[in-house]
Amino acid sequence: MKKNLLTLAFLGFTYFANAQVGIGTNTPQATLDIKEKRTSNVNDVSAHDGILIPKVTKAELALKDTNAYTSIQNGAIIYVPNIGGAITGPSLAQVANVDAIGFYYLDASTSTIVWRKLDTNTNLYNVNGTLIETRIVTQNGNTLMFTDGIARDVTSKTNSIIFGQTSATDANPTMVLASGARKVGINTKSPRVSFDINGALSATSAAAEGLLIPKMTASELSKKELNTYQARGTHSNNTGQGSLEGTLVYIFPDSDNNFIISPTDPSYTKVKEVTKEGLYYYGIDDKWHPVSSTSTNFYTANGTLTGPRVVTQGTNTLAFTGTTTNAFSVDGTTFSVDAANDRIGIGTNAPSNTLHVKATSNPTKFEGLQEDTSVQSVIVTGTDGVLKTIPKSSLLNDVTNFTMPIIRGTFNSSLGTNIDIATKQFTTANPYANPVPLDATINLPKGTWEVKVTMLMRGNNSINNYSSSNRPAYIYTKFAFCTTASGCTAANGAGSSRNFLLAGTLIGAGSKITPSGQIDEIFTLVNGSIIVKNSSETNQTYYLYWWGANTNIPTTTANTYLITSLGNNAGENSISAIRITDM
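We now turn to the structure provided with this report. Every value quoted in this text rests on a predicted model; they were computed, and no experiment measured them.

Side note on the side chain of S267
Point 1. Inspection of the secondary structure assignment puts S267 in the loop between strand 14 (248-251) and strand 15 (278-282).
Point 2. In this structure the side chain of S267 is engaged in a polar contact, spanning 2.7 Å, whose partner is the backbone oxygen of K224.
Point 3. In this structure the side chain of S267 is engaged in a polar contact, spanning 3.3 Å, whose partner is the backbone oxygen of E225.
Point 4. Dropping the residues within four chain positions of it, S267 is found in contact with L221, S222, K224, E225 and L226.

Observations concerning a nonpolar patch on the surface
Point 1. Taken together, the side chains of F298, Y299, V311, L318, F320, F328 and V330 make up a nonpolar region of the molecular surface, amounting to roughly 770 Å² of accessible area.
Point 2. Inspection of the secondary structure assignment puts L318 in the loop between strand 16 (288-290) and strand 17 (328-330).

Description of the sheet that holds strand 16
Point 1. Across the sheet, 4 strands lie side by side as 13-14-15-16; this open sheet has mixed pairing. Where the open sheet ends on each side, the last strands, each with one partner, are strand 13 (215-216) and strand 16.
Point 2. Of the pairings in the sheet, the one linking strand 15 to strand 16 comprises 3 bridges and is antiparallel in character. The residue bridging Y280 from the neighbouring strand is P290, located in strand 16.

A short note on the sheet that holds strand 18 (residues 335-338)
Point 1. Here we have 4 strands laid out as an open sheet, ordered 17-18-19-20, and mixed in their pairing. Edge positions in the open sheet fall to strand 17 and strand 20 (355-357), since each of these has one partner strand only. Averaged over neighbouring strand pairs, the angle between their axes works out to 15° when direction is ignored.
Point 2. Note: strand 19 (residues 343-346) against strand 20, 3 bridges, orientation parallel. Within strand 20, the position partnered with G345 by the bridge is H356.

A short note on the environment of P445
Point 1. Residue position: P445 is located in the loop between strand 26 (436-444) and strand 27 (447-459).
Point 2. The spacing of P445 and S536 is 91 residues in sequence and 8.3 Å in space, taken between C-alpha atoms.
Point 3. Excluding its chain neighbours within four sequence positions, the residues that come into contact with P445 are I407, N534, N539 and R579.

Criteria and thresholds
Residues numbered from 1 in each chain as written. Predicted model: local features only at pLDDT ≥ 70, side-chain atom pairs only at ≥ 80, totals over all residues. Heavy atoms only, no water. Helix = DSSP H or I, 4+ residues; strand = E, 2+ residues; numbered from the N terminus. Polar contact = N/O pair within 3.5 Å; in protein donor to acceptor, adjacent residues only side chain to side chain. Contact = heavy atoms within 4.5 Å. Patch = residues over 30% accessible without salt bridge, like charges linked within 9 Å, V, L, I, M, F, W, Y side chains within 5 Å. Areas by Shrake-Rupley, 256 points an atom, 1.4 Å probe, with all protein chains shown as cover. Salt bridge = Lys/Arg side-chain N within 4 Å of Asp/Glu carboxyl O. Pairing = 2+ DSSP bridges. Axes fitted to C-alpha atoms, helices over the stretch in contact; angles between N-to-C directions.

Next up, the structure:
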């Protein structure tokens, strides 16, 4: 034993009875205590301090016998200086983890013996692992941050942190922090928006699902500091990213079932609209507003239907109010409501009547008013305003209930006195020349009218001075209606020349009406009709004018032949009009 101790002493070893060995120290503090070399407590700069671990290449480890290492050597340490060359041998499986030069320890804790890297890198995220018990991270005011870094491709690292994934193929983990896409997913591995909650994953109806908004009373919200919530643009220190408009809270009543806030509360002016239970949002105006007051008016912007839509009104009213023309329309002109004038247009967006139907042909069809095929029928309006059909024969025979409206004109005076026939002749070349106004008028609404004129005219004494050989002398007359009292022209005439009234004979055989037998005066009734069309929307006054035509009067006295229209002095005179059509 002395010899061994001397040898150990010679080698610089110190051995104690308690089985502790010291190298470079006389007082070992452990089973093996190795001290660096020092002189006068100063490290020797020329000394090779350290421990040399056995060096074995990966190829040499693979060539070891399979029984070279057992559980007895569990924890043995070696240094692998080389991992190249042909790696074959009985212990090839034991060096499967030897992939870099460095220190390795023998893991013989199981039946499968392997060499594991003795890694000084304490990054626990390099390999997968399993918690063997509860772990707590006490931050002590420090930040715990997970980042994608800068230099790597985050598109391939979309799901930076995953919680509650049951397997590698589980597509619905509890939560995913997808930092590459800046999204968070709940119950989904692929969040589609900034915060994506995938519900309805539970197989039981008892599972509560949804997003629970923070709750507080109105008083609690009102007592927040004034600048706790700030909206973009209302405070100079807010750039928009840090503004809180859009924040949601749920307000519930206090213990007294009230929503009372005090005017002295710091945020009283922001919370004045909080008067009942419900969801509220923080607005750009720095005030809290009920979400229910958010406009659901889909008429503030144009849109496109993506499918058929049905409005089930039940007993409710659906009303559209407007004040302009074409206030409501369907397909441009198919249907139009003129709210300014209370008109409806079908086939036009500019209706001129209460109901204006415009079409190239057959504009209107009334189901149920079909004509009786056995007889001709007409559509009439009953006293109740209902349209119905009756046989045309009924309309013609029932003069009591069905009469055509007649408008009557007026003869005002006898202005057509002593008309010189020779100077007031009608000519085809200039049909409107030299008219004689008779101061007779008729006022007609819009429509096409047949106007009838009957007038008593008298020849003056001079026109009767003809011999029996020249008899019978005759004068035909023409009438026209014009729209002004100052003259009759092509511009204001109510009809073309072919529509002028061709009246009857003014002077016929005559008859003696004086006791002396002298034919002093000859009277005759002239009459005829003309079509007058008023296309304006308002009533139009038409004035009656006269011409002479086709006279047969002795030439020697033609310039002295005068006639007179008796005007309102004769009861025979009349003007009447019957409407033919509305246009």
